Amino acid sequence: QVQLVESGGGLVQPGGSLRLSCAASGFTFSDYRMSWFRQHPGKERELVAVITNTGITNYADSVKGRFTISRDNAQNTVYLQMNSLKPEDTAVYYCKALWPNIYWGQGTQVTVSS
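Reference entry: report on the structure contained in this document. Note that the structure is a prediction, hence the values are computed from the model and not measured.

Looking at the overall build of the protein chain
Okay, so step 1: Scanning the protein chain from terminus to terminus reveals zero helices and eleven strands.
Okay, so step 2: Helices (α) and strands (β) of the protein chain occur, in sequence order from the N terminus, as β-β-β-β-β-β-β-β-β-β-β.
Okay, so step 3: Its C-alpha atoms give the protein chain a radius of gyration of 13 Å, near enough to 13 Å, the size a compact globule of 114 residues would have.
Okay, so step 4: For the protein chain, the spread of C-alpha atoms along the three principal axes comes to 40 × 25 × 25 Å.
Okay, so step 5: Counting the 114 residues in the protein chain, one finds 42% classified as buried.
Okay, so step 6: For the protein chain, the share of sequence-separated contacts (at least 6 apart) that also reach a separation of at least 24 residues comes to 53%.
Okay, so step 7: Summed over its atoms, the accessible surface of the protein chain is roughly 5,900 Å², and 46% of this surface lies on carbon and sulfur atoms.
Okay, so step 8: Where the 10 positive side-chain charges of the protein chain centre and where its 8 negative ones centre are 2 Å apart.

Take a look at the structure:
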């Protein structure tokens, strides 16, 4: 069965860094466009970053220059490196397989606070 398992969330001070990981199984990871979404309390999920199966990336304006999405097809893993974190980055972060089929991970909490 398909699984996306996120890890790496936690509490960090403003200006700090975190690296999220999403380990995939149950589908041909290298064929898939992958992404990270986040959900602030009381808000809808929003797209943070996307990476195609060939490594082309795109980012939400709010994270450009601070976040980097990458993938390791040999490890079936997608990453989100988050630098210069701000309190408004506090959210639950979700890994999502976008195409050809849609799969969601269970989410990992990121809290940016002093």
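As for the packing of aromatic side chains
Okay, so step 1: Across all of its chains, the model carries five aromatic pairs by this definition.
Okay, so step 2: On the basis of an interplanar angle of 65 degrees and a centroid distance of 4.6 Å, the ring pair of phenylalanine 27 and tyrosine 32 is categorised as edge-to-face. The pair phenylalanine 27 / tyrosine 32 is uniform in exposure class, with both members buried.
Okay, so step 3: Taking 5.2 Å as the distance between ring centres and 65 degrees as the angle between the ring planes, the aromatic pair formed by phenylalanine 37 and tryptophan 104 counts as edge-to-face.

Remarks on the state of the cysteines
Okay, so step 1: The final tally for this structure, using the stated rule, is one disulfide.
Okay, so step 2: With a sulfur-sulfur separation of 2.1 Å, cysteine 22 is cross-linked through a disulfide to cysteine 95. Across the disulfide from cysteine 22 to cysteine 95, rotation about the S-S bond amounts to roughly -80 degrees, and the bridge is consequently left-handed. In this pair, cysteine 22 is assigned in strand 3 (residues 18-25) and cysteine 95 in strand 9 (residues 91-99), connecting sequence segments 73 residues apart. Neither residue differs from the other here; cysteine 22 and cysteine 95 are each classed as buried.

Brief notes about unusual backbone geometry
Okay, so step 1: Note that the residue after tryptophan 99, namely proline 100, is joined by a cis bond; omega there is 15 degrees.
Okay, so step 2: Within the element layout of this structure, proline 100 appears in the loop between strand 9 and strand 10 (103-104).
Okay, so step 3: The backbone of serine 84 sits at a positive phi, close to 50 degrees, despite the residue not being glycine.
Okay, so step 4: Relative to the assigned elements, serine 84 resides in the loop between strand 8 (77-82) and strand 9.
Okay, so step 5: Here serine 84 falls in the partly exposed class, since its relative accessible area comes to 42%.

How each quantity is defined
Residues numbered from 1 in each chain as written. Predicted model: local features only at pLDDT ≥ 70, side-chain atom pairs only at ≥ 80, totals over all residues. Heavy atoms only, no water. Helix = DSSP H or I, 4+ residues; strand = E, 2+ residues; numbered from the N terminus. Rg over C-alpha atoms; globule rule 2.2 N^0.38 Å. Buried < 20%, exposed > 50% of the residue type's maximum accessible area, 1.4 Å probe, protein only. Contact = heavy atoms within 4.5 Å. Areas by Shrake-Rupley, 256 points an atom, 1.4 Å probe, with all protein chains shown as cover. Lys, Arg positive; Asp, Glu negative; His and termini not counted. Charge placed at Lys NZ, Arg CZ, Asp CG, Glu CD. Phe/Tyr/Trp six-rings, centres within 6.5 Å; stacked < 30°, edge-to-face > 60°. Disulfide = S-S within 2.5 Å.

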